[in-house]
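Read off the chains here:
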Amino acid sequence: PSRFAAPCAGALVVVALAASCNPPPLAIPAGCSPLLFDHDCGLPYPNDFFLVDDASLPSGHRVHFAEAAKLLTDHGASADVTDAWAPDGFSRVTPIVWTMGVRVDPQSLPRVVDDPAKTTRFSAALHTALIDASTGELVPHFVDVDPFADKDARQALVMHPLEALKEKTRYVVVVTGVTTEAGKPIDAPIAFARVRDNTTGGDAVLDPLRVRYERDVFPVVAKAGFARDALQLAWDFTT
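Residues numbered from 1 in each chain as written. Predicted model: local features only at pLDDT ≥ 70, side-chain atom pairs only at ≥ 80, totals over all residues. Heavy atoms only, no water.

### What about the sheet that holds strand E4 (residues 128-132)?
Formally: Following DSSP output, two strands are said to pair if at least two bridges run between them. The numbering of helices and of strands both runs from the N terminus, where a helix is a DSSP run of H or I of at least 4 residues and a strand a run of E of at least 2. Helix axes are fitted only over the stretch in contact, all axes being lines through C-alpha atoms; the angle between N-to-C directions runs from 0 to 180 degrees.
Strands sit in the order E4-E7-E8 across an open sheet of three strands; the sheet is antiparallel. Only two strands of the sheet have a single partner each, and these edge strands are E4 and strand E8 (231-238). Neighbour to neighbour, the strand axes of the sheet diverge by 15° on average, direction disregarded. Where strand E7 (residues 170-176) lies against E8, seven bridges are found, and the strand directions are antiparallel.

Given below as structure tokens:
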């Protein structure tokens, strides 16, 4: 179980009862991307969490932000460009942004000065991956670490694919083995840890997400060679 999970009452109950014990649901705001809800409701991005059905568009979907994930100006007005233009998927040349909630060691990520070919094949030293979900192909990339973040939890990590992504294609992002500035392991965010570890019971947001991950995300990750229990973060998006 996740280290965040609340202990079951009555540790000496029979196994059948103990198995039904789940951590309490998380207080995830409406519209908030659940994986990093405690850091930024719009992250990770791009993210298929923000795709909604729209039969009027070619893909049958559109990018949509609502409530807690809505981009606002300092005066509270909408700064969301999708209000005026509704894309039916994410850009083929998009930067890919997330945070680990702490300041990370840039050496634990593929840098712009590193050989990008190393990000196109699995190895124990590969700490990020961008996987074509349909073919299993790994896309070459590097990751920038924001050196100007004023808060640890707001330090952005930005993956830059080194080739244009394919049209109408789903991609899976993998993060594993990234360490702090002091070289210490970083725990997975609580929401992702529950999805990864099958401890979402009773959570109205995470239960459906876990089902989709079991079907669409974790099989892609496993086929690429990454150990599920070592994942710090994983998500998918569609161009």
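### Let's talk about the pairing of strand E6 (residues 157-161)
Cut-off, in case you're wondering: Note on classification: 1.4 Å probe, protein chains only; a residue is buried when its accessible area is under 20% of the maximum for its type, exposed when over 50%, partly exposed between these limits.
Of all five residues that make up E6, four are buried, and the element is covered over most of its length. For strand E3 (residues 96-98) and E6, the ladder comprises three bridges, and the chain directions are antiparallel. Note on E6: the bridge partner recorded for Val97 is Val158. For strand E5 (residues 141-145) and E6, the ladder comprises five bridges, and the chain directions are antiparallel. Among the inter-strand pairings, Asp144 is bridged to a residue of E6, identified as Val158.

### Quick look at helix H3 (residues 206-224)
Stated precisely, the cut-off is as follows: One axis fitted to the seven residues ending at a residue, another fitted to the seven starting there: the angle between these axes is the bend at that residue. It only takes one pair of heavy atoms within 4.5 Å for two residues to be counted as in contact.
Along H3, the helix axis deviates most sharply at Tyr213, where the bend reaches about 55°. For H3, the set of buried residues is Leu206, Leu209, Tyr213, Asp216, Val217, Phe218, Val220, Val221 and Ala224. Packing partners of the buried residues in H3 comprise E4, E7, helix H2 (190-196) and E8. After H3 finishes, the residue Gly225 shows a positive phi value of roughly 110°.

### Here's the deal with the sheet that holds E5
Spatial strand order, E3-E6-E5: three strands in an open sheet with antiparallel pairing. Bordering the open sheet on either side are E3 and E5, each of which pairs with just one other strand. Sheet twist, expressed as the average angle between the axes of neighbouring strands with direction ignored, equals 20°.

### Concerning the pattern of salt bridges
Rule in force here: By convention in these notes, a salt bridge is any Lys or Arg side-chain nitrogen within 4 Å of a carboxyl oxygen on Asp or Glu.
Under the definition given, this model contains 13 salt bridges. In this structure, the salt-bridge partner of Glu214 is Arg228, at a minimum N-O distance of 2.7 Å. One end of the pair, Glu214, is in helix H3; the other, Arg228, is in the loop between H3 and E8, and 14 residues separate them in sequence. Among the charged side chains, a salt-bridge network with shared partners connects Arg170, Arg212, Arg215, Asp216 and Asp236.

### Overview of the packing of aromatic side chains
Condition: We call Phe, Tyr and Trp rings a pair once their centres come within 6.5 Å, taking the six-membered ring for Trp, and we label the pair stacked below 30 degrees between planes, edge-to-face above 60, and tilted otherwise. Think of it as a cone above the ring: NZ of Lys or CZ of Arg counts as a charge over the ring if it is within 6 Å of the ring centre and within 35 degrees of the ring normal.
In this structure the tally under the stated criterion is nine aromatic pairs. Judged by centre distance (5.5 Å) and plane angle (90°), the rings of Tyr45 and Phe90 are edge-to-face. Of the two residues, Tyr45 sits in the loop between helix H1 (15-18) and strand E1 (51-53) while Phe90 sits in the loop between strand E2 (61-63) and E3, which places them 45 residues apart along the sequence. Judged by centre distance (5.8 Å) and plane angle (25°), the ring pair of Tyr171 and Phe237 falls under stacked. With a gap of 66 residues between them, Tyr171 in strand E7 and Phe237 in strand E8 connect regions that are remote in the sequence. Taking relative accessible area as the criterion, Tyr171 reaches 2% and is therefore assigned buried. Classification of Phe237 as buried rests on a relative accessible area of 0%. Between Arg228 and the ring centre of Phe218, over which it is positioned, the NZ or CZ distance is 3.9 Å.

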